[in-house]
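Reading the structure
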Amino acid sequence: MKYIISIIKPHRLEEVRTALSAIGVEGMTVSEVKGHGRQKGHTEIYRGAEYEVSYLPKIKIELALEDKLAAKAVETITESGRTGQIGDGKIFVLNLDSAVRIRTGESGEEAL
Amino acid sequence: MKLYQKFALTGVLATAAIAGSDAAFAQASTEAPEDVKYILSSLLFLIGGFLVMFMAAGFAMLEAGLVRSKNVSMQCLKNIALYSVAGLMFWVVGYNLMYEGVVADTGWMGTPTPKVIPATDADAGSYAAGSDWFFQMVFCAATASIVSGTIAERIKFWPFIIFTAILTGIIYPIQGSWEWGAGWLNGIGFSDFAGSTLVHSTGGWAALMGAIILGARAGKYGENGRINPIPGSSIPLATLGTFILWFGWFGFNGGSQLAMGTISDASSVSRIFVNTNLAAAAGVVVSIILTQVLYKKMDVTLALNGALAGLVAITAEPLTPSPIMAIMIGGIGGLIVVFAVPMLDKLKIDDVVGAIPVHLLAGIWGTMVVPLTNSDATFYAQAVGVIAVGIFVSVSSAIVWLILKATIGIRVSPEEELEGLDKGEVGVEAYPEFARGGSAI
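A separate point is the overall build of chain B. In terms of regular secondary structure, chain B is built from 18 helices and zero strands. Over its C-alpha trace chain B gives a radius of gyration of 22 Å, about what one expects of a compact globule, namely 22 Å for 441 residues. Taken over the C-alpha atoms alone, chain B extends approximately 75 × 55 × 50 Å along its principal axes. Here chain B holds 441 residues, and 54% of them are scored as buried. Taking the intrachain contacts of chain B between residues at least 6 apart in sequence as the baseline, contacts between residues at least 24 apart amount to 77%.

The structure is reproduced here in structure tokens:
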């Protein structure tokens, strides 16, 4: 099992979700997050004084998937989340030791 | 001053219609009966008064929008409290200190006694005494509102309220008596129609002294002259507040005609509405264009300040300017704001909402240009008024702030400032999404 954390541009969320649904991903957790990568935010002006906005808004998508679907999901997110501009985000894949469905107590891949 | 002969015929018709009397035709008089004048003038005071009363809501929303979300409850509490304290103080001593027993053309103050509102049958004069008190009270409250925005996000509640009581009960009425109480400034020919100096600069001076004595917000000014902007929590609220203030200003300036019993008065009030709106609009357009040119982006908060600066600037004389002059006066008000806001930051005077550029500087500008359109005014008298009010209000405010600072203290603790005044002082958060109010079942 894999745990996939993707950081994407907020306005790509709908495309990514649709594409993931199409390949059979059934559940996901989405949060609004802030952060920066190599480009280090940007500058804004408020009442005549410049200031750095170090953290840009991003969307974090978390998926827990069986290995076979995980590889496909990473590919799908890469394609559907891409704009080609800086700040498109990153995908991190972790090994997942266990999973439990709270309602039934099922564990392992059955719980996904 | 206000003889509009061309309205003579219309006047006759209007008078006849109001009085319902053929006799009016026979007399060919343009005068409305005394009771009609009394009713219309009182109505002007009441309508103008409740428009200006609503400006308290405008100030509250403007300030709530320009402070951070952790200080919004405190700002709202301060605004409703200061309006109430002003309302009480202006009855207890303020009104009579400003208007009663001021020696004509030489007086420096009236008598600090409670305002007597006469019984209905005994309410003689050219308007209802209660309507006049109410109208003057809301101006006094506006003065106090100006102070609260500048010193937001770091002042303690109680010293602010004590200052407000002294400002609205003593400082504002004394300097007001010099001009509107027909005292010495009026005697030398000073002219301030609706209060660019008496209301706005007075509030501005008191705010400036408060800001200097209180110090800047934590983190506002960094090392090597670095200025760290602290963006407000809600641009929509700040915009709503500005529109409410603009709306209320028609009462502020229009009502300051102080009479509605003649054709000439009605025409003047209408002309004041036109000039007031033109000046505000010009202030907005100038600040939008200037911020676009200077910063390559338009700053909405400076556009909002631009509207208010235009309004403050036209307030000293909203009647005599031509429309073109009103646009010029208001437009330069907008220009003052765009340049004065960063200038204050360079001086490390932390004015959260821009009240000092808007009310003090645009107020001085508006007062000084009165002689350009009103031949009854002189630059000498205008300068004397600006300086005298400036010295009196600055010195008296500074003394009160310093006494408060030395005794009960005026500033919250550094920890409380970081945590937010909503938690530390009020105990009610404005936006408690992550507190119990938001998440509990």
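Moving on from the coordinates now.
Right, let's talk about helix 5 (residues 129-150) of chain B for a bit. An α-helical turn contains 3.6 residues, so any two residues separated by three or four positions project in the same direction. In this model, helix 5 of chain B (22 residues) spans 34 Å end to end at C-alpha, consistent with the 32 Å of a helix rising 1.5 Å per residue. Counting buried positions over the 22 residues of helix 5 of chain B gives 20, a clear majority of the element.

A separate point is the pairing of strand 3 (residues 42-46) of chain A. Along any regular strand the residues' side chains alternate between the sheet's two faces. All names here are of chain A. Bridge count for strand 3 against strand 4 (residues 49-53) is five bridges, and the pairing is antiparallel. Following the sheet pairing, Ile45 is matched in strand 4 by Glu50. Between strand 3 and strand 4, which pair antiparallel and follow one another directly, the connecting turn spans two residues, one of which, Arg47, has a positive phi of 50°.

In this section: the interface of chain A and chain B. The interface is formed by six residues belonging to chain A together with 12 residues belonging to chain B. Those elements that place two or more of their residues in the side of chain A that touches chain B are strand 3 and strand 4 of chain A. Residues that form the side of chain A that touches chain B fall into these classes: four nonpolar, one polar and one charged.

Rules used throughout
Residues numbered from 1 in each chain as written. Chains lettered and ligands numbered in written order. Predicted model: local features only at pLDDT ≥ 70, side-chain atom pairs only at ≥ 80, totals over all residues. Helix = DSSP H or I, 4+ residues; strand = E, 2+ residues; numbered from the N terminus. Rg over C-alpha atoms; globule rule 2.2 N^0.38 Å. Buried ≥ 20, exposed ≤ 12 C-beta atoms within 10 Å, placed from the backbone. Contact = placed C-beta atoms within 7 Å. Expected span 1.5 Å × (residues − 1). Pairing = 2+ DSSP bridges. Nonpolar A, V, L, I, M, F, W, Y, C, P; charged D, E, K, R; others polar.

Note that all results are geometric; they support no functional claim without further evidence.
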